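Remarks on the overall topology
Residue-level listing of the chains:
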Amino acid sequence: MLKTFLASIALVTVTLVQSVHAGEVKLTDPNKMVRQVADNTFERITKDQPLITTNKEHLRVIVEEELMPYIDYKYAALRVLGSEVSKVRAITDKAEKAKAIEDIQRFIGAFREYLVATYAGVFTQYTNQQVEFAAEQPFKGKDVVMIKTKIVEAGKPDIKIDFKVREDRSGEWRAYDMIAEGISLLDAKQSELQGILRQQGIDHVSDLLEQKSKLPVQFRGSDTND
């Protein structure tokens, strides 16, 4: 899972080669959304460096305010759960179904906090990497588009990154997955957790995610279970 975690680094440790001052993020255009979120996030990290230097937990605040509004974490969490969601739909007992829905809602919350903690930890490694964007992708009439980028860092091989961005029912676009050098972060996380879900259940997985999200902010690239 180390390679997968390194892929998650690429999701958040990028800044723009040609940066446009973003202001309000345009959620109706997936191409502009990805560029603007990157711009806003790294501008904020640069501005808040004095706070980050004294307290790395401030990175959680930046992730919450600049990144998470544009991550479709609910959809991603349900994708990770996979067949567990289908099982809930098949439950006929009202009380049992209500409990199962409550468990899923808890998982979604735990998954979100895990993402916040993971991204905050990754941001401790930020050293002004750059990303080159491919030509803007047509998106009219589509539900999902792939925003293609290439991460460039002096002295290192380029890394190809594709962001999967999804349109919701209101016509707004948010990122839900990333493919780094052919590896889907979402599929990898689903594979990692499916065995635990089958053997120990959704509550146990939620417990694990909650425990990890409460750890102090730090980069954990050497922990293959992160």
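Residues numbered from 1 in each chain as written. Predicted model: local features only at pLDDT ≥ 70, side-chain atom pairs only at ≥ 80, totals over all residues. Heavy atoms only, no water.

The name recorded for the protein in an unreviewed UniProt entry is Intermembrane phospholipid transport system binding protein MlaC, from Pseudoalteromonas haloplanktis.

**Notes on the pairing of strand E3 (residues 159–167)**
Pairing of strand E2 (residues 144–152) with E3 involves eight bridges; the strand directions are antiparallel. From the neighbouring strand, Met-146 faces E3, where its bridge partner is Lys-164. Hairpin connection between E2 and E3: a loop of six residues separates the two successive antiparallel strands, and Gly-155 in this loop has a positive phi of roughly 80°. Here E3 runs beside strand E4 (residues 173–180); their pairing, made up of seven bridges, is antiparallel. Following the sheet pairing, Val-165 is matched in E4 by Ala-175. (Pairing = 2+ DSSP bridges. Helix = DSSP H or I, 4+ residues; strand = E, 2+ residues; numbered from the N terminus.)

**Here's the deal with the environment of Asp-158**
Position of Asp-158 relative to the elements: it lies in the loop between E2 and E3. For the pair Asp-158 and Val-131, spaced 27 residues apart in sequence, the C-alpha to C-alpha distance is 9.5 Å. Setting aside anything within four residues of it in sequence, one finds Asp-158 in contact with Lys-150, Ile-151, Val-152 and Glu-181. (Contact = heavy atoms within 4.5 Å.)

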